[in-house]
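The residues making up each chain are set out below.
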Amino acid sequence: MDTGFTEAVDATAPKLTVIGTGYLGATHAVCMAVLGYQVLGVDIDPHKIERLAAGDMPFFEPGLPELLVKALDSGRLTFTTSLDEAADFGDVHFLCVGTPQLAGSYAADLRHVEAAVTTLARSVRRRALIVGKSTVPVGTAARLADLMRAVSPAGDSVELAWNPEFLREGFAVDDTMRPDRLVFGVSSRWAEQRLREVFAPVIDQGSPVLVTDPRTAELVKVAANGFLATKISYINAMAEVCEASGADVHDLAAALGLDDRIGRRFLRPGLGFGGGCLPKDIRAFMHRAEELGVGQAVTFLREVDGINQRRRGRMVDLVRELAGGDLRGVRVAALGAAFKPNSDDIRDSPALDVASALHQAGARVRVFDPVAIDNARRACPALEYGDSAFDVATGADVVVLLTEWTQFREIDPAALRTVVAKPRIVDGRHALDPARWREAGWEYRALGRP
Ligand code: UDX
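Residues numbered from 1 in each chain as written. Predicted model: local features only at pLDDT ≥ 70, side-chain atom pairs only at ≥ 80, totals over all residues. Heavy atoms only, no water.

### Observations regarding the site of the ligand
Moving on, step 1. Taken together, 20 residues lie near the ligand, and Phe-166, Leu-167, Glu-169, Arg-268 and Lys-340 sit nearest.
Moving on, step 2. With respect to the ligand, the backbone of Phe-166 contributes an N or O atom lying 2.7 Å from an oxygen atom.
Moving on, step 3. At a separation of 2.7 Å, an oxygen atom of the ligand approaches a polar backbone atom of Glu-169.
Moving on, step 4. The fraction of the free accessible surface of the ligand (680 Å²) that becomes covered by protein chains is 94%.
Moving on, step 5. Top element by residues in the shell around the ligand is helix H10 (residues 214-245). It accounts for four residues. (Near = heavy atom within 4 Å. Polar contact = N/O pair within 3.5 Å; in protein donor to acceptor, adjacent residues only side chain to side chain. Areas by Shrake-Rupley, 256 points an atom, 1.4 Å probe, with all protein chains shown as cover. Helix = DSSP H or I, 4+ residues; strand = E, 2+ residues; numbered from the N terminus.)

Below, the structure written as structure tokens:
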């Protein structure tokens, strides 16, 4: 993969560590090494580290496996499980550990972030910058900075900054190399300078830098995700109104999107948002706002979450309607399991949620997804799985499109019709052309369309 960058980083450039090699960390480590930096990737999971060091990407992300091999071949990317080693190696340490939703609460689980910062800080003996990239509730950096200073032998010469990451799965490489913006939440001029050095190739290529305090930087990320989630739920709320009134949300979204002030991106109606970020981030935001005594300012996010969850239930209802009012024994072909295309991520996936709900209602569900199928099988072993869209559709009473993979959008409706028992399709992602499917003899239904 040609990244369009030359490796223009010289020997005096800061040495980097990336702590936590999940989605965010692995991408960041690989991209920084490709840009020319010496990078040490750190994770507590030895299995993950072994795979990465062997050039084997533990998750699906277009373009990243090739860049991992390129980075390893350059000799600039190495991996370890030792934070002690990381403390010796790095001038700048990027914190990329997960902040999942805490079980039984809306709050973010900050244990991994706290553990990583304290363990690392205990070993740091020289001037260093720790840069948080994980999504955290506003005020976390200030608390971590106190923790860090209390335990580090280097005392005040270790500093903490926050640099939120906005990468989207499926576009992770491009979003890292050419982000819309870089946000530096810093407490000193020195920290800003260090970050400017570390991101020099990205800045030179044209990404704007916004320098602010760590609190604002933390908030930018959750506020952005809250906005995106709201935009999706807004159009899905309009879909509910369309369903009740007989209007067409697809045309409505197209007309709204043509207004420059609104814009068409993130205005695609359908099954709603899922994944490892938006759902848990808006919940953690509500929780944090409550703690700060301003819960009311974001109570609308509860509605955003509620609208989003209702889409899944409505999708099941639509399949039931199409099947004649009872799902028991109905053969359903579920196209898609990932929370969105170009990803093998099934965390809080609307697709898998709908497939499971159909199964629980008595339907015989067969699922196919081009890359998320193994993850889906592990998470939902009660569902049946097939080898292709045509395989799962064979003998089906209803086909449901749950994740808008290109290969599903390109299915020839006439050819698919020859294998199903009944030509009925519910398009959960507004990804198909209704006229084309109807012409081929299908009964076509979509959320929010007559
Ligand atoms: C998101 C943010 O976009 C990213 O900036 C942040 O760093 C992490 O969270 P990601 O989870 O990879 O990224 O997915 P994204 O492309 O934002 O999609 C989120 C969900 O919204 C998907 O389930 C997608 O299907 C859904 N979606 C998106 C819609 O339903 N309609 C839309 O118009 C857009």
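### A word on the sheet that holds strand S11 (residues 384-385)
Paired through their backbone hydrogen bonds, the strands of a sheet run either parallel or antiparallel.
Moving on, step 1. One open sheet holds the six strands; their spatial order is S11-S10-S9-S12-S13-S14, and the pairing between them is parallel. A single partner strand is all that each edge strand has here, and the edge strands are S11 and strand S14 (443-446).
Moving on, step 2. Along the sheet, helix H13 (residues 300-322) contacts strand S9 (331-335), strand S12 (398-401), strand S13 (424-427) and S14; its crossing angle with S13, the most-contacted strand, is approximately 165°.
Moving on, step 3. Packing against the sheet, helix H14 (residues 350-360) makes contact with S9, strand S10 (364-368) and S12, and its axis sits at approximately 160° to S10. (Pairing = 2+ DSSP bridges. Contact = heavy atoms within 4.5 Å. Axes fitted to C-alpha atoms, helices over the stretch in contact; angles between N-to-C directions.)

### Let's talk about unusual backbone geometry
Moving on, step 1. At Asn-342, a residue that is not glycine, the phi angle is positive and equals roughly 60°.
Moving on, step 2. Position of Asn-342 relative to the elements: it lies in the loop between S9 and H14.

### What about the packing of aromatic side chains?
Moving on, step 1. Taken as a whole, this structure holds six aromatic pairs when the rule is applied.
Moving on, step 2. Each ring, one from Phe-368 and one from Phe-408, has its centre 6.1 Å from the other, and the planes form 70°; the classification is edge-to-face. Note that Phe-368 is positioned in strand S10 and Phe-408 in helix H17 (residues 406-409), a separation of 40 residues in sequence. With respect to class, Phe-368 is no different from Phe-408; both count as buried.
Moving on, step 3. In textbook terms, an aromatic cluster arises when at least three aromatic residues are bridged by ring pairs, as seen for Phe-94, Phe-184 and Phe-199.
Moving on, step 4. Just above the ring of Trp-190 sits the side chain of Arg-127; from NZ or CZ to the centre is 3.7 Å.
Moving on, step 5. For the cation-ring pair, Arg-181 lies above Phe-166, with the distance from its terminal atom to the ring centre recorded as 3.6 Å. (Phe/Tyr/Trp six-rings, centres within 6.5 Å; stacked < 30°, edge-to-face > 60°. Buried < 20%, exposed > 50% of the residue type's maximum accessible area, 1.4 Å probe, protein only. Lys NZ or Arg CZ within 6 Å of the ring centre and 35° of its normal.)

### Topic: the nonpolar core
Moving on, step 1. Within the largest apolar cluster, 55 residues are counted, with the highest numbers of intra-cluster contacts made by Leu-358, Val-365, Val-399, Val-400 and Leu-402.
Moving on, step 2. Dropping the residues within four chain positions of it, Leu-358 is found in contact with Val-316, Val-319, Leu-327, Val-332, Ala-363, Val-365 and Val-400.
Moving on, step 3. One finds Val-30, Ala-71, Ala-161 and Phe-199 within the second-largest nonpolar core, a separate group that totals 44 residues. (Core = buried A, V, L, I, M, F, W, Y, C linked by side-chain atoms within 4.5 Å.)

### Some words on the pattern of salt bridges
Moving on, step 1. Taken as a whole and assessed by the stated rule, the structure comprises 38 salt bridges.
Moving on, step 2. Note that Arg-347 and Asp-345 form a salt bridge whose closest N and O atoms lie 2.7 Å from each other.
Moving on, step 3. A salt bridge links Glu-384 to Arg-364; the nearest nitrogen and oxygen atoms lie 3.1 Å apart. Within this pair, whereas Glu-384 is found in strand S11, its partner Arg-364 is found in strand S10, the two being separated by 20 residues in sequence.
Moving on, step 4. Take Glu-384: its relative accessible area is 29%, and that puts it in the partly exposed class.
Moving on, step 5. For Arg-364, a relative accessible area of 46% puts it in the partly exposed group.
Moving on, step 6. The network of salt bridges with common partners includes Glu-243, Arg-311, Arg-314, Glu-321 and Arg-445. (Salt bridge = Lys/Arg side-chain N within 4 Å of Asp/Glu carboxyl O.)

### Some remarks on the side chain of Arg-312
Moving on, step 1. Summarising the element assignment, Arg-312 is placed in helix H13.
Moving on, step 2. A polar contact of 2.8 Å, which involves the side chain of Arg-312, links it to the side chain of Asp-353.
Moving on, step 3. Leave out the neighbours within four places in its chain, and Arg-312 touches Leu-271, Phe-273, Gly-274, Asp-348, Ser-349, Pro-350, Asp-353 and Val-354.

### So, helix H3 (residues 64-74)
Moving on, step 1. Taken residue by residue, H3 has Leu-64, Leu-67, Leu-68 and Ala-71 as its buried positions. All buried residues of H3 fall inside an arc of 105° around its axis, so they share one side.
Moving on, step 2. Against helix H1 (23-34), helix H2 (46-53), strand S3 (77-80) and helix H7 (172-177) lie the buried residues of H3.
Moving on, step 3. In the segment just after H3, Gly-75 is the residue with positive phi, at about 80°. (Arc of directions from axis to C-beta.)

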